[in-house]
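Examining the three-dimensional arrangement
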Amino acid sequence: MKKRLVLLPLVLLFSFLIYSLLFGKLFPYSPVITGFTRHELGHVVVYIEKGAAYPNLQEIDSYINKVETFHSLSFKQKPHIYIFGNQRTWTQRSPSRARFCAYYNGAIIVSPQALQDAQAGLISMEIYLRHELSHSLLYQHTGIIKAFGYPKWLMEGIAMYSANQMGTSWYPDKEETLEYIRRGNFIHPKQYKTKNEKQVNIETPNRIAFIYSEFACIVDYLVSSYGMEKFHHYMVRLLDGADHDAVFFEEFQIDFEEFIARFRQQTVAGS
């Protein structure tokens, strides 16, 4: 009797895990994919849910080279992209409500809304996928555990900058973003994804779009100030879980807080 009582919770836990992998929120980590058609291309594997509209698969495959070239890194394995066509199954299986989302194992999920918006010309499938592929590439090099420690603002700034996403869809372009900063809108990079983030007052048409463009502007300022080679070295050193502020100072010979203050001062000054 006691043995049964011990086994029952284990069986229930195992059953819940299997269900979550196949049909629930652990889907991006599942080794078994049901309800999708698999397309293995030269550089990427695309899974398309049955009934979903087919994007240009060869075009998606071509994005990989662009992403690798910018980052000067290669994917360790072909990234997997899951394209949903059914709102209900996407809601059940996607841990995020974002149109596109990359997970710590490098998997990318594309929502039905993303497909509709791309077909309507509201967003660019290429720009958004290159953004997520930037995350996927860095996650493959950090591994799942170290991915948690990679600076989240930098992850978004690199993705925005590498995909040339500022000025597209609802993201303000560089000059608009700098003007918003001059008006007093600014979130310190270290406040992003913390309990203090919501306390930051930002008066822009789209809060998260501004924040992402702000981070892209910071990356742009780093590259223009120190060069792409120096920036790349800084980006790569952090993949092993190194202390951000220590690496930043070693690479750029300036304290991170001082650098952020300089960025804001020069932005306000209009230089």
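Scroll up for the structure.
Here's what I pulled together on the structure shown here. Just so it is clear, the structure is predicted and the values come from calculations on it, not from any experiment.

**Here we look at the pattern of salt bridges**
- A full pass over the atoms with the stated rule returns twelve salt bridges.
- Here K78 and E40 are joined by a salt bridge, their closest N and O atoms 2.9 Å apart. With a gap of 38 residues between them, K78 in the loop between α2 (57-71) and β3 (80-83) and E40 in strand β1 (residues 36-40) connect regions that are remote in the sequence.
- A salt bridge links E126 to K66; its shortest N-O distance comes to 2.8 Å. Linking E126 in helix α5 (residues 125-147) with K66 in helix α2, this pair joins segments that are 60 residues apart in sequence.

**Quick notes on the sheet that holds β1**
- Here we have five strands laid out as an open sheet, ordered β1-β2-β3-β5-β4, and mixed in their pairing. Pairing within the sheet leaves two strands with one partner each, and these edge strands are β1 and β4 (100-102). Neighbouring strand axes in the sheet, compared pairwise and without regard to direction, differ in orientation by 15° on average.
- Two strands pair when backbone bridges link them, and strand β2 (residues 45-49) and β3 are joined in this way by four bridges, in the parallel orientation. Counted as the bridge partner of Y47 is Y82 from β3.
- Together, β3, β4 and β5 (108-110) form the strand contacts of α5, whose direction differs from that of β4 by roughly 15°.

**A closer look at the pairing of β3**
- Taking the sense of rotation as the criterion, the β-α-β connection linking β2, α2 and β3 turns out left-handed.
- Sheet topology places β3 next to β5; three bridges connect them, and they run parallel. When the bridges of β5 are listed, Y82 appears paired with I109.

**Here's the deal with unusual backbone geometry**
- For K193, which is not a glycine, the phi torsion comes out positive at approximately 65°.
- Assignment of secondary structure puts K193 in the loop between α7 (174-182) and α8 (207-226).
- Although it is not a glycine, Q253 sits at a positive phi angle of roughly 55°.
- Positionally, Q253 belongs in the loop between α10 (244-252) and α11 (256-269).

About the criteria used
- Residues numbered from 1 in each chain as written.
- Predicted model: local features only at pLDDT ≥ 70, side-chain atom pairs only at ≥ 80, totals over all residues.
- Heavy atoms only, no water.
- Salt bridge = Lys/Arg side-chain N within 4 Å of Asp/Glu carboxyl O.
- Helix = DSSP H or I, 4+ residues; strand = E, 2+ residues; numbered from the N terminus.
- Pairing = 2+ DSSP bridges.
- Axes fitted to C-alpha atoms, helices over the stretch in contact; angles between N-to-C directions.
- Contact = heavy atoms within 4.5 Å.
- Right-handed = clockwise from strand over helix to strand, strands pointing away.

Fair warning: the whole summary comes from geometry, so function is off the table for now.
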